[in-house]
Amino acid sequence: MVMSQHLTRDDVAHVARLARLRLSEAELDEFTRQLADVLAHAEDIERLDVGDVAPTAHPLPLRNVFRADVVSASIDRDEVLAAAPAAEDGQFRVPQILGEEQ
Amino acid sequence: MTIGSAFDIAAQVRAGTRSARSVVDECLAAIDAREREVHAFNLVLADRARSAADVIDARVARGEDPGPLAGVPIALKDNLCTRGLPTTCSSRILEGWRPPYDASVVQRIVAAGGIVVGKTNLDEFAMGSSTENSAFGPTRNPHDLSKVPGGSSGGSAAAVAAGFAALALGSDTGGSIRQPAALCGVVGVKPTYGLVSRYGLIAFASSLDQIGPFAANVRDAALLLEVIAGHDVMDSTSIPQASPSLVSVLDDGVDGLRVGIIEELSGEGIAPDVLAQLHAAATALEKAGAVVETASVPATIYGLSAYYLIAPAEASSNLARYDGVRYGNRVDGASTTEMMEATRTAGFGAEVKRRIMLGTYALSAGYYDAYYGKAQRVRTLIIRDFARAYERFDVLLSPTSPTTAFALGAKTADPLTMYLNDVCTIPSNLAGQPAMSVPFGVGDDGMPIGVQVLAPLQGEATMFRAAAVLEAAAGAR
C-alpha cells in the first residue's frame, strides 16, 4: 500500500495540532499538496523490501558515554533565566497549566 | 579577494610582519563596500573584531604566539552559539536571544588566535538549499547578485567568496556546507560525524548535523579543520581521538590512489556542464597518477527519500523546545497550550513548519514503520553499499550540486524541486562519512562548479590529498 495517496487535509490539521502550530485554511491546502508531493517521492523506499535489514539511528558505534562523576561549574541560573520570556522566583513562568484553581 | 589566505595571514601575524588590526580593517572595508548588496551577515562585529585584533597584536609584541589562526578573520554561521551575542538561526523565534555560552568550535578558534567578524545568514534553522528561507531576507551570490549562494550556510559561503572573511564555519546536515561552497566557488568540508564537537550548534537533525569549514583554498580548510576537530567531553557523540594531521599531507599527491566516480550520482538529473567538469576532474586525478574507474553505490538513489523523512523527524523533535518558555520569543495566550501555539505559529517560517509537520507525520502512530522505520533501514543499505565501494576505492567522486547557482525565487514555490539540490550531498550525511567540495571550473553561465570528494569514516587525510591535486589542476587550466 502506498501511504501518500491517503494524506488528507484532516491528517495535516491533526499533525498541526500535535506540533502546536495553527494553520490558516490556505496554509492547510498548500501544506497538504506539498507534503503529499514529498511523500509521493518517498514511494521509492516504501516499495523496498528491507524487512531483514536492521535500522540505523546513528552513524557511529558510540554508546553509554559518561563523564567522570565530578562536580564542575555549570551555567549560572540567573543568566539562564534572564534569557527566558518570563521568570519568577528562580523559575520559568508560564500561563496557568491546570484548568481549575488549586 | 584582498586579504589573502588564512595560512599566510597567520604566518605573517605570528612573525610580526603584518598586524592583525590591519587584516581586520581590510576585511571590514570589504564588508563596507559590498555587504549591502550581498547580505552575508545577520550581525557584523566590527568593534569587537578590532579590539580582538589589537589584543592579538599586543600578544605578538610581547613575544607570545597567539596560535595557528593568529589574526585570521572568521565568520560564524548564526546557528553557532556565541556567549552574550545574538544567535538567531535566522528565525524570528530566536530574534534577540543571547546564549549564555560559546559553542566549543568558537572557543577553539578564539583560543587559536582567530577573530570572529560576524554571524552569517542561513536558511531558518538550516532548513533549505538557497538561504532564501531566512527570516531576515536572502543572501545573494557574490559572483552574480541575481543568483542564490546555495544553502543553508549561504552567508558563510558568500562571506568567504566576497573576501569578507578569510574563513567561515557552517553546518552540514544534508549538504549545507558543500552545496553553497560549490555555488560560490569556495572550498567546503563536511567532516566525519563526531570529528567536530556539536556542543553549541543549535540542533536541526542530531544524527546528521556536523560543523565544518569554508575556505578560499584547500590548505586553509585543512588548517581550520585541524583547529576545530578533536574530542570534546561536552558532546557525547564526539569521537574520542585527537585532531587528525591534514596540512602535512597536502603535498603527498595521489599516485596509485583508487578513485571511483559514483555512477548513480553522475548521470540523470545532473546538468551537462557540471558533468563535463566532473570528468575533467577525474582526468586530472588520473594524470596525477590515480587509478580512476566507475563505482556503483546503488542505494544512494534512495538517499533523498530517506533523508526527507529522517531529517524532518529529528527536527520535529529538536524544535519542540521552542515553546516560549525557556528562551526566545513568546506570544501570550490564555493557557500554556495556546501560548505555545501562538508562539510557534508566529515564530517559525513556512519551510520550518513544513518540516516539523512532515517529521511529526512520519513519526505519528500508524505511519512510523512505513516512513521513519523504513528510512532508517534504507540508511543501513546506503552504509552497506558505501562499505562495498570502499573495498575497491580509496575515495569517491561526484558532482557537489546538480547545477550551478540558480536565480533567486526560481525554486521557492515547489519545495520538492528545492530538495533535489541535495541529491549528491545527502548520502554522506546518512553514512556519517566525510565529503568536501572543491571548486573546479565554471558552467556555461560562467558560474562556479564544485566537485565532491567523498571518503570513508575518518578518511579526511586521503580526501584532502585528492582535493589538493584537484585544486592545483583547476588552477593550472
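Report on the accompanying structure.

Parameters and conventions
Residues numbered from 1 in each chain as written. Chains lettered and ligands numbered in written order. Predicted model: local features only at pLDDT ≥ 70, side-chain atom pairs only at ≥ 80, totals over all residues. Helix = DSSP H or I, 4+ residues; strand = E, 2+ residues; numbered from the N terminus. Rg over C-alpha atoms; globule rule 2.2 N^0.38 Å. Buried ≥ 20, exposed ≤ 12 C-beta atoms within 10 Å, placed from the backbone. Contact = placed C-beta atoms within 7 Å. Nonpolar A, V, L, I, M, F, W, Y, C, P; charged D, E, K, R; others polar. Axes fitted to C-alpha atoms, helices over the stretch in contact; angles between N-to-C directions. Parallel < 35°, antiparallel > 145°, perpendicular 65-115°, else oblique. Left-handed = near helix turned anticlockwise from the far one by under 90°. Arc of directions from axis to C-beta. Pairing = 2+ DSSP bridges. Core = buried A, V, L, I, M, F, W, Y, C linked by C-beta atoms within 7 Å. Right-handed = clockwise from strand over helix to strand, strands pointing away.

Points about the overall build of chain A
Phase 1: Each helix and strand counted, chain A has four helices and two strands in total.
Phase 2: Against the globule reference of 13 Å for 102 residues, chain A gives a C-alpha radius of gyration of 23 Å, more extended than a compact globule.
Phase 3: Scored against the burial criterion, the 102 residues of chain A give a buried share of 17%.

Section: the overall build of chain B
Phase 1: When you go through chain B residue by residue, the secondary structure sums to 15 helices and 11 strands.
Phase 2: Here chain B, with 477 residues, has 65% of them falling under the buried criterion.
Phase 3: Of the contacts made within chain B by residues no fewer than 6 positions apart, 76% connect residues no fewer than 24 positions apart.

Description of the interface of chain B and chain A
Phase 1: Listed by partner, the interface residues are 56 residues for chain B and 43 residues for chain A.
Phase 2: Looking at the side of chain B that touches chain A, the elements that each hand over two or more residues are α9 (303-318), α10 (336-347), α11 (350-363), α12 (369-392) and α13 (415-419) of chain B.
Phase 3: It is α12(B) that provides the largest number of residues to the side of chain B that touches chain A, a total of 12 residues.
Phase 4: By residue class, the composition of the side of chain B that touches chain A is 28 nonpolar, 18 polar and 10 charged.

Some details on the packing of helix α2 (residues 25-41) of chain A against α11(B)
Phase 1: Viewed as axis vectors pointing N to C, α2(A) and α11(B) meet at an angle of 60 degrees, and their least axial separation amounts to 11 Å. Between α2(A) and α11(B), the interaxial angle falls into the category oblique. As α2(A) packs across α11(B), the resulting crossing turns out to be right-handed. Touching A:Phe31, A:Gln34, A:Leu35 and A:Val38 of α2(A) are B:Arg354, B:Met357, B:Leu358 and B:Tyr361, all from α11(B).

What about the packing of α9(B) against α12(B)?
Residue and element names in this part refer to chain B.
Phase 1: Put simply, α9 and α12 touch, their axes get as near as 9 Å, and they point 125 degrees apart. The angle between α9 and α12 falls in the class oblique. The way α9 lies across α12 gives a crossing that is left-handed. Taking contact as the criterion, the partners of Gly-303, Ala-306, Leu-309, Ile-310 and Ala-313 in α9 are, on α12, Tyr-371, Tyr-372, Ala-375, Gln-376, Val-378, Arg-379 and Ile-382.
Phase 2: Here the contact of α9 with α12 is built from residues that sort into nine nonpolar, two polar and one charged.

With respect to helix α1 (residues 9-18) of chain A
Phase 1: Buried within α1(A) we find A:Val12, A:Val15 and A:Ala16. Viewed along the axis of α1(A), the buried residues span an arc of 105 degrees, placing them on a single side of the element.
Phase 2: Lining the buried residues of α1(A) we find α2 of chain A together with α11 of chain B.

A word on the sheet that holds strand β2 (residues 73-77) of chain B
Residues and elements named next belong to chain B.
Phase 1: Taken in spatial order, the 11 strands of this open sheet run β1-β3-β2-β4-β6-β5-β10-β11-β9-β7-β8, and their pairing is mixed. Every other strand in the sheet has two partners, leaving β1 (41-44) and β8 (291-295) as the edge strands with one partner each. Between one strand axis and the next, the sheet turns by 30 degrees as a mean value, whatever way the strands run.
Phase 2: Both strand β7 (residues 258-262) and strand β9 (residues 395-399) contribute to a ladder of three bridges, which runs parallel. Bridged to Ile-261 within β9 is Leu-397.
Phase 3: Across the sheet, helix α7 (residues 218-228) touches β4 (167-172), β5 (187-190), β6 (210-215) and β10 (435-442), and the angle it forms with β6 is around 145 degrees.

Section: the nonpolar core
Phase 1: By size, the foremost hydrophobic cluster in this structure holds 178 residues, and its most contacted members are B:Ile74 and B:Val453.
Phase 2: Once residues lying within four places of it in the same chain are set aside, the contact partners of B:Val453 are B:Val395, B:Leu397, B:Ala435, B:Met436, B:Val438, B:Met463, B:Ala466 and B:Ala467.

Here we look at the pairing of strand β11 (residues 448-454) of chain B
Residues and elements named next belong to chain B.
Phase 1: Of all seven residues in β11, seven are buried, a share of seventy percent or more.
Phase 2: With burial as the criterion, each face of β11 is covered, one bearing Pro-448, Gly-450, Gln-452 and Leu-454 and the other bearing Ile-449, Val-451 and Val-453.
Phase 3: In the sheet, β9 pairs with β11 via four bridges, with the strands oriented antiparallel. For Leu-396, the partnering residue across the bridge sits in β11 and is Leu-454.
Phase 4: Where β10 hands over to β11, the hairpin turn is made up of five residues, of which Gly-446 adopts a positive phi near 80 degrees.

Some details on the environment of B:Glu226
Phase 1: Secondary-structure assignment places B:Glu226 in helix α7.
Phase 2: For B:Glu226 and B:Ser245, which are 19 residues apart along the polypeptide, the C-alpha to C-alpha distance reads 6.8 Å.

So, the pairing of strand β3 (residues 115-120) of chain B
Residues and elements named next belong to chain B.
Phase 1: Burial of β3 is extensive: six of the six residues sit out of reach of the surface.
Phase 2: Bridge analysis of β1 against β3 gives three bridges, and the strand direction is antiparallel. Directly across from Phe-41, in β3, lies its bridge partner Thr-120.
Phase 3: Pairing analysis gives five bridges linking β2 to β3, with the strands arranged parallel. Following the sheet pairing, Leu-76 is matched in β3 by Lys-119.
Phase 4: Handedness of the β-α-β unit built from β2, helix α4 (residues 104-111) and β3 comes out right-handed.

A few points about unusual backbone geometry
Negative phi characterises most residues that are not glycine, and trans characterises most peptide bonds.
All names here are of chain B.
Phase 1: Here the residue pair Gly-151 and Ser-152 is connected by a cis peptide bond, since its omega of 10 degrees sits within 30 degrees of zero.
Phase 2: Secondary-structure assignment places Ser-152 in the loop between β3 and α5 (154-161).
Phase 3: The phi dihedral of Ser-90 falls on the positive side, at around 50 degrees, and the residue is not glycine.
Phase 4: Unusually for a residue other than glycine, Gln-458 sits at a positive phi of about 60 degrees.
Phase 5: In this fold, Gln-458 is placed in the loop between β11 and α15 (460-476).

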